[in-house]
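Structural overview
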Protein chains: 2
Amino acid sequence: MSVKSYQRKLDLENGRVDLSHGSGGRAMAQLISGLFHQAFGNEWLARCNDQSAFDVAAGRMVMTTDGYVVSPLFFPGGNIGSLAVHGTINDVAMSGARPLYLSASFIIEEGLPFSDLKAIADSMGAAARSAGVYIIAGDTKVVERGKADGLFISTTGIGIVADGLDLSADKAMVGDRVLVSGSLGDHGVAVMSKRQNVAFQTEVVSDSAALHKLVAVMVAAGGSGIRVMRDPTRGGLAATLNEIAHQSELGFRLQEASIPVKPAVAATCELLGLDPIHVANEGKLVAIVAPDFADAVLAAMKAHPLGSDAADIGEAVADNRKFVQMATSFGGRRIVDWLWGEQLPRIC
Amino acid sequence: MSVKSYQRKLDLENGRVDLSHGSGGRAMAQLISGLFHQAFGNEWLARCNDQSAFDVAAGRMVMTTDGYVVSPLFFPGGNIGSLAVHGTINDVAMSGARPLYLSASFIIEEGLPFSDLKAIADSMGAAARSAGVYIIAGDTKVVERGKADGLFISTTGIGIVADGLDLSADKAMVGDRVLVSGSLGDHGVAVMSKRQNVAFQTEVVSDSAALHKLVAVMVAAGGSGIRVMRDPTRGGLAATLNEIAHQSELGFRLQEASIPVKPAVAATCELLGLDPIHVANEGKLVAIVAPDFADAVLAAMKAHPLGSDAADIGEAVADNRKFVQMATSFGGRRIVDWLWGEQLPRIC
């Protein structure tokens, strides 16, 4: 087939998406071939089928999906597109799986500049290529002005799990160590700073990153000694540990002084009335690791560029109330609650 | 783990979604366990991980994704939820694959009644169970009032292709027959009638349905004699055949008199100024079949409840202009154009 035969000139500099680009007609074909295929270009999309095929070996696969509604669409350290690719890769990787393929569904508000859409699609393509995964399926819908907010992206990822791994949030055990791969709160603070025009001398940049290569070195070091991995996105470390506590029916005790938080993030959180442990991360992970393996896994994390600030921040304890508690830097102890509602809307 | 421990009482009758339900906090957990898990309930979701795992045999898989923005959310014959499940199953099935697993990403506008969301989720669960597929991964985001339009759903499907099948839109050959599985335009007309409050004596009902079982009997009858299958959704039969014509570099000649259209659909189309061959279907397929296999495939279709009105409507012809032409019922001939823009916005 010839993609070229669909192409008319898209005005990528000054044009905007209109309803015709979601119609199933020529305008949509033009947008797909002229913008998305350019950005993601691979053999699967070039076949222009409604589905893409790939060969798999026998084994265990994982599937995950996430919607992205971050506002604003562009923020320090990334945009909704790179975030969607990284976030979905990370959800695949948290099972110990190697991510293989992604799909992306775009819901676009009429009026979105092509230049924004192109920048976002280009950064998705770059993020995918850099991670060694392929965006093999996509869909585009356009809704009327005022019926969406620029752009929403839903991505789905699939990957293949190494033999013998079976990580799950219900597998933490009393005595396990709690490891984090680096400083907390960077993503949420970067987005909030941009949204609220809070400017500091040190700009906070989102930590948005694909973690599957970090996971691979952790699995190599810790194997089945790694019980649970999670990326602490919405709700931050607090929500993640409360979820694991509920699912594994135990508690956690953390040392506040051990939890890495960048000074600029801490300062912004103080200004905005936030607690970094409730703030979303997009390039960090939490691992619950059997005590005998924790040092080896931590050493492997520290040796990787995305884990250089990794830390052991506490342990799993017997607690039928399933509380996450924290020994504060001032010598006290407090319960790290799981918030009921919304602290930071539309952070991812 | 205990899903119950998350549950507070959701007011499913009178309550509404608010921003807290997309926060990653307790309110979101409550919505997920109290509404989505109830509707989709299966062993994967019960584990509450950010991804779900399943075993696969070695083979060829397919992946597809679609966003659903249909307005209104409820229409005669279905709603956005059943439509999303059927549509994604169908995109998987059009490769000849057996659908296995789905994911669903929900982007919800603040204020959506829980009762609507529950009805939609329940019909997704019912559609999936009836089709023998599982919704194993999901995500929920909530955006502020006025930043979306009730509910958008993006679904992704994966399936496994039978050995030896390799359907693709670039495989049509001159002389192939064009088969459709039944009457055209039902879905689009049902949605438009509801939207515009057009009422006839005979209500037009969406044809939304999962076609994978119909596909299975077609593959059993026609095997690799089936070159291409497509479900003619947005843009209808006209867009589908124009796409295949471009990708296979040939033309089509159709017989208008052979194309099944229900009288009520034809009447509504005339009233609204639409042509049924441009109108979306959600439970129909087009198959391009080698001439020696066409009769057997058509017979298999007619013997299936979802193909009882199947018809042979024309053939693939050599045409370097890649035109889709139609011999009209009045003895003339016209070119079936591929529309540039939007005839029926937000029909799926």
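Residues numbered from 1 in each chain as written. Chains lettered and ligands numbered in written order. Predicted model: local features only at pLDDT ≥ 70, side-chain atom pairs only at ≥ 80, totals over all residues. Heavy atoms only, no water.

An unreviewed UniProt entry annotates chain A as Hydrogenase expression/formation protein HypE of Bradyrhizobium forestalis. Recorded in UniProt for chain A, the comment headed Sequence similarities (unreviewed entry) runs: "Belongs to the HypE family." (UniProt positions renumbered as here; feature names shortened; annotations may be inferred.)

1. With respect to the interface of chain A and chain B
Counting residues at the interface gives 88 residues for chain A, matched by 88 residues for chain B. Across the interface of chain A and chain B, roughly 7,600 Å² is buried in total on both sides, 51% from carbon and sulfur atoms. Area buried by chain A at its contact with chain B is led by A:M63, A:R234 and A:W340, which between them contribute 12% of it. Remark: the boundary between chain A and chain B carries 14 salt bridges. With a shortest N-O distance of 3.1 Å, A:D55 and B:R60 are connected by a salt bridge. Broken down by secondary-structure element, the contributors of at least two residues to the side of chain A that touches chain B are α1 (26-40), β1 (52-56), β2 (59-68), β5 (97-109), β6 (134-143), β7 (151-161) and α7 (236-248) of chain A. The element contributing the most residues to the side of chain A that touches chain B is β2(A), with nine residues. Direction of pairing for β2(A) relative to strand β1 (residues 52-56) of chain B: antiparallel, over a ladder of five bridges. Pairing of A:M61 across the sheet is with B:F54, part of β1(B). (Contact = heavy atoms within 4.5 Å. Buried area = accessible area lost by both parts, 1.4 Å probe. Salt bridge = Lys/Arg side-chain N within 4 Å of Asp/Glu carboxyl O. Helix = DSSP H or I, 4+ residues; strand = E, 2+ residues; numbered from the N terminus. Pairing = 2+ DSSP bridges.)

2. A short note on unusual backbone geometry
Backbone torsion omega between A:S71 and A:P72 reads 0°, so that peptide bond is classified as cis. Mapped onto the elements, A:P72 comes out in the loop between β2 and β3 (74-75). One non-glycine residue, A:K322, adopts positive backbone phi at about 60°. Structurally, A:K322 can be placed in the loop between β12 (311-317) and β13 (324-327). Unlike most non-glycine residues, B:C48 shows phi in positive territory, near 55°. Inspection of the secondary structure assignment puts B:C48 in the loop between α2 (43-46) and β1. Given a relative accessible area of 17%, B:C48 falls into the buried group. (Buried < 20%, exposed > 50% of the residue type's maximum accessible area, 1.4 Å probe, protein only.)

3. Description of the sheet that holds β5(A)
Pairing is mixed across the open sheet formed by five strands, whose spatial order is β6(A)-β5(A)-β7(A)-β2(A)-β1(B). In the strand order of this sheet, the two ends are held by β6 of chain A together with β1 of chain B, each with one partner. Neighbour-to-neighbour, the strand axes of this sheet turn through a mean angle of 20°, independent of strand direction. (Axes fitted to C-alpha atoms, helices over the stretch in contact; angles between N-to-C directions.)

4. Examining the domain arrangement of chain A
Residues and elements named next belong to chain A. The domain architecture assigned to chain A consists of domain 1 (3-161) and domain 2 (177-335). Centre-to-centre, using C-alpha coordinates, domain 1 lies 29 Å away from domain 2. Tallying the contact residues gives 20 residues for domain 1 and 22 residues for domain 2. Buried area between domain 1 and domain 2, both sides added, is near 1,700 Å², and the carbon and sulfur share of it is 62%. Counting the surface domain 1 buries against domain 2, the share from its top three residues, P76, N90 and M94, is 35%. Along the contact surface separating domain 1 from domain 2 lie zero salt bridges. (Domains from an automatic or database assignment.)

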